[in-house]
Amino acid sequence: GTAAITAHARIGKATYDRQHVEIRYTHIPVEVLQPPARLKAVDLKLATRGRRIGYLPGAGDSVAECLAQMGYSVTNLTGADLTPERLKEFDAIVVGIRAFNVRKDLAPNLPALFAYVEAGGNVVEQYNRPERSGMDKLAPFELRLSQERVTDEQAPVKFLAPDHPVLNTPNKITSADFDGWIQERGVYFPNQWDDHFTAILACNDPGESPKAGGLLVARYGKGYFVYTGLAFFRQLPDGVPGAYRLFANLVSLGK
């Protein structure tokens, strides 16, 4: 379940219960927000496998911090870290959102990342924008990104491969794990992929055809390569229990 924890400060006869948040960018006036001083606590049944995760930050997200809250030891990596000797230290490598859109040090080192998978590693690559990826090969197999997305955060989710490990190990994923998602199901789903990929889920906005590219998993050599456009970067910081359970399964593949 979830609970809200609020903070109150009493000074004299006055009680204060607001945060003070400043938004400062050069291209807009300063904005000051004073939302309630509240945090969300989550209590959930969560199983994990593996211990060490390498994280390749992208355009900015809190997924690495959320993995640390799940009990993982997380190390931020540079392109220069993508060597066989360095990568073998990790149980999984996670690529941050839009990493290929904003970083130039990843593309030259992708062969080492794919070799890590082939030798038994596990890579989870989060979404990139198709028109700004700057490269054609984001995965060891053919994968073409698109503008497809599912903006209804309550869109029903169909399990296309219910027996796949990613839906069963170490957490049994059910439709309830997609309750309480915020803002969207996912963005920039691939719409073409090699037969080595297995499409795990399908969902769609009202009146549209099902989109099956939100979570794709492929065996490559002895390891796993995952591409996902699901909006974990929104769900994990918001404390959505099912998103934690599913992401734990992604980084636990092969363990």
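Each chain has its residues counted from 1, running along the sequence as written. Where totals are concerned, whole chains, interfaces and linings use all residues; where local detail is concerned, this predicted model gives features only for residues with pLDDT of at least 70, and gives and counts side-chain atom pairs only at 80 or more. Neither water nor hydrogens contribute to the side-chain values; these are computed over all heavy atoms in the structure.

### A few points about the environment of Ala 202
Under the convention used in this document: Going along the chain from the N terminus, every DSSP run of H or I of four or more residues is numbered as a helix, and every run of E of two or more is numbered as a strand. Throughout, a contact is declared for two residues whenever any of their heavy atoms are within 4.5 Å.
Within the fold, Ala 202 resides in strand β15 (residues 201–202). A C-alpha to C-alpha distance of 5.8 Å links Ala 202 and Val 157, two positions 45 residues apart in sequence. Excluding residues within four positions of it along the chain, Ala 202 makes contact with Pro 156, Val 157, Lys 158, Leu 160, Pro 210, Lys 211 and Ala 212.

### Things to note about the sheet that holds strand β17 (residues 223–228)
How we decide: Two strands make a pair as long as DSSP finds a minimum of two bridges between them. Lines fitted to C-alpha atoms define the axes, with helix axes restricted to the stretch in contact, and inter-axis angles between N-to-C directions lie between 0 and 180 degrees.
Across the sheet, which stays open at both edges, the seven strands sit in the order β8-β7-β9-β10-β17-β16-β14 with mixed pairing between neighbours. Each edge of the open sheet is held by one strand with a lone partner, namely β8 (73–76) and β14 (197–199). On average, adjacent strands in this sheet sit at an angle of 20° to one another, irrespective of strand direction. Relative to β17, strand β16 (residues 215–220) is paired through six bridges, and the arrangement is antiparallel. Along β17, the bridge assignment pairs Arg 219 with Tyr 224. Contacts from helix α4 (residues 110–118) reach β9 (92–95), β10 (122–126), β16 and β17 within the one sheet, and its direction differs from that of β17 by about 125°. The sheet contacts of helix α6 (residues 241–251) involve β7 (52–56), β9, β10, β16 and β17, and relative to β10 the element is tilted by about 135°.

### A look at the side chain of Gln 126
Stated formally: Residue burial is assigned from relative accessible area. The probe radius is 1.4 Å, only protein chains are included, and a residue is buried under 20% of its type maximum, exposed over 50%, and partly exposed in between. Polar contact is the term for a pair of N or O atoms within 3.5 Å; when the atoms are in protein, one must be able to donate a hydrogen and the other to accept it, and sequence-neighboring residues count only if both atoms are side-chain atoms.
Relative to the assigned elements, Gln 126 resides in strand β10. Owing to a relative accessible area of 1%, Gln 126 belongs among the buried residues under this scheme. Within the local environment of Gln 126, its side chain forms a polar contact with the side chain of Tyr 55, the two groups lying 3.0 Å apart.

### Details of the pairing of β10
With five of its five residues buried, β10 lies for the most part within the structure. Residues Asn 122, Val 124 and Gln 126 line one face of β10 and the alternating positions Val 123 and Glu 125 line the opposite face, and both faces are buried. Here β9 pairs with β10 via three bridges, running parallel. Residue pairing for β10: Ile 93 is matched across the bridge by Val 123. Judged from the five bridges that link them, β10 and β17 form a sheet pairing that is parallel. In the sheet register, Val 123 faces β17, and the bridge partner there is Phe 225.

### Thoughts on α6
Counting buried positions along α6 yields ten of eleven residues, so the element is predominantly enclosed. Restricting attention to buried positions, one finds in α6 the residues Gly 242, Ala 243, Tyr 244, Arg 245, Leu 246, Phe 247, Ala 248, Asn 249, Leu 250 and Val 251.

### Concerning unusual backbone geometry
Across the chain, the bulk of peptide bonds are trans and the bulk of non-glycine residues have phi less than zero. Here the amide bond leading from Thr 169 into Pro 170 is cis, since omega sits at -5°, within 30 degrees of zero. For Gln 183, which is not a glycine, the phi torsion comes out positive at approximately 70°. Position of Gln 183 relative to the elements: it lies in the loop between β12 (158–159) and β13 (186–193). With a relative accessible area of 47%, Gln 183 lands in the partly exposed category.

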